[in-house]
Structures are given as structure tokens and as C-alpha cells.
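Structural overview
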Amino acid sequence: MAFDMTGDQHARDWALPQFYFHAVMAYAILRNQGIDIGKIDYMPHMLAYMRQPG
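Owing to the predicted nature of the structure, the values given are computational and were not obtained by experimental measurement.

Section: the overall build of the protein
On a plain count of helices and strands, the protein comes out with one helix and zero strands. Radius of gyration (C-alpha) of the protein: 17 Å, far over the 10 Å computed for a compact globule of 54 residues. For the protein, the spread of C-alpha atoms along the principal axes amounts to about 55 × 35 × 15 Å. Counting the 54 residues in the protein, one finds 4% classified as buried. For the protein, the exposed area adds up to about 5300 Å²; of that, 62% sits on carbon and sulfur atoms. Averaged over its 4 positive side-chain charges, the protein has a centre that lies 14 Å from the centre of its 5 negative ones.

Below, the structure is given as C-alpha cells:
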């Protein structure tokens, strides 16, 4: 079997879905094993922009 696709198509239709699938499965396995992991663990760089509302 062979796929005829451009680099953009490969990234969008093959590589990114594969990456996200494995990232989500790793997250699910860690959560299932009792690891306390959440959204903030994936984006600590956003803390630099956090402020109190008002």
C-alpha cells in the first residue's frame, strides 16, 4: 500500500492525528494510574500572562 500526498497533506492528515492520538492515550493512561495531571501541566508558559480580573 502506498499513499500519494504532499508534505502538507502528510502533516495534516497523517502525522498530526497520529501525534494527538498518542498524546491523548498517554494522558489517559497516566490519569488511569492515578497521576494528577491536567491542562495546566501542558501549558505552564501561560502562567506568565495570568492576572487577577478586574
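Focus: the packing of aromatic side chains
A full pass over the atoms with the stated rule returns three aromatic pairs. Between the aromatic rings of phenylalanine 19 and tyrosine 20, the centroid separation amounts to 5.5 Å while the plane-to-plane angle is 70°, which identifies the pairing as edge-to-face. Pairing tyrosine 27 with tyrosine 42 gives two aromatic rings, centres 5.9 Å apart and planes at 55°, and the pair type is tilted. One end of the pair, tyrosine 27, is in helix H1 (residues 7–32); the other, tyrosine 42, is in the segment after H1, with 15 residues separating them in the sequence. Classification of tyrosine 42 by relative accessible area gives partly exposed; the value is 49%.

Notes on H1
Across its 26 residues, H1 extends 36 Å between first and last C-alpha, which sits within 8% of the 38 Å expected from 1.5 Å per residue. At alanine 15, H1 is deflected by roughly 35°, the largest bend along its length, and proline proline 17 occurs up to four residues later in sequence.

What about the pattern of salt bridges?
Inspection of the entire model under this criterion finds one salt bridge. A salt bridge links arginine 12 to aspartate 13; the shortest N-O distance between them is 2.9 Å. For aspartate 13, a relative accessible area of 44% puts it in the partly exposed group.

Cut-offs and rules
Residues numbered from 1 in each chain as written. Predicted model: local features only at pLDDT ≥ 70, side-chain atom pairs only at ≥ 80, totals over all residues. Heavy atoms only, no water. Helix = DSSP H or I, 4+ residues; strand = E, 2+ residues; numbered from the N terminus. Rg over C-alpha atoms; globule rule 2.2 N^0.38 Å. Buried < 20%, exposed > 50% of the residue type's maximum accessible area, 1.4 Å probe, protein only. Areas by Shrake-Rupley, 256 points an atom, 1.4 Å probe, with all protein chains shown as cover. Lys, Arg positive; Asp, Glu negative; His and termini not counted. Charge placed at Lys NZ, Arg CZ, Asp CG, Glu CD. Phe/Tyr/Trp six-rings, centres within 6.5 Å; stacked < 30°, edge-to-face > 60°. Expected span 1.5 Å × (residues − 1). Bend = angle between axes of the 7 residues up to and from the residue. Salt bridge = Lys/Arg side-chain N within 4 Å of Asp/Glu carboxyl O.

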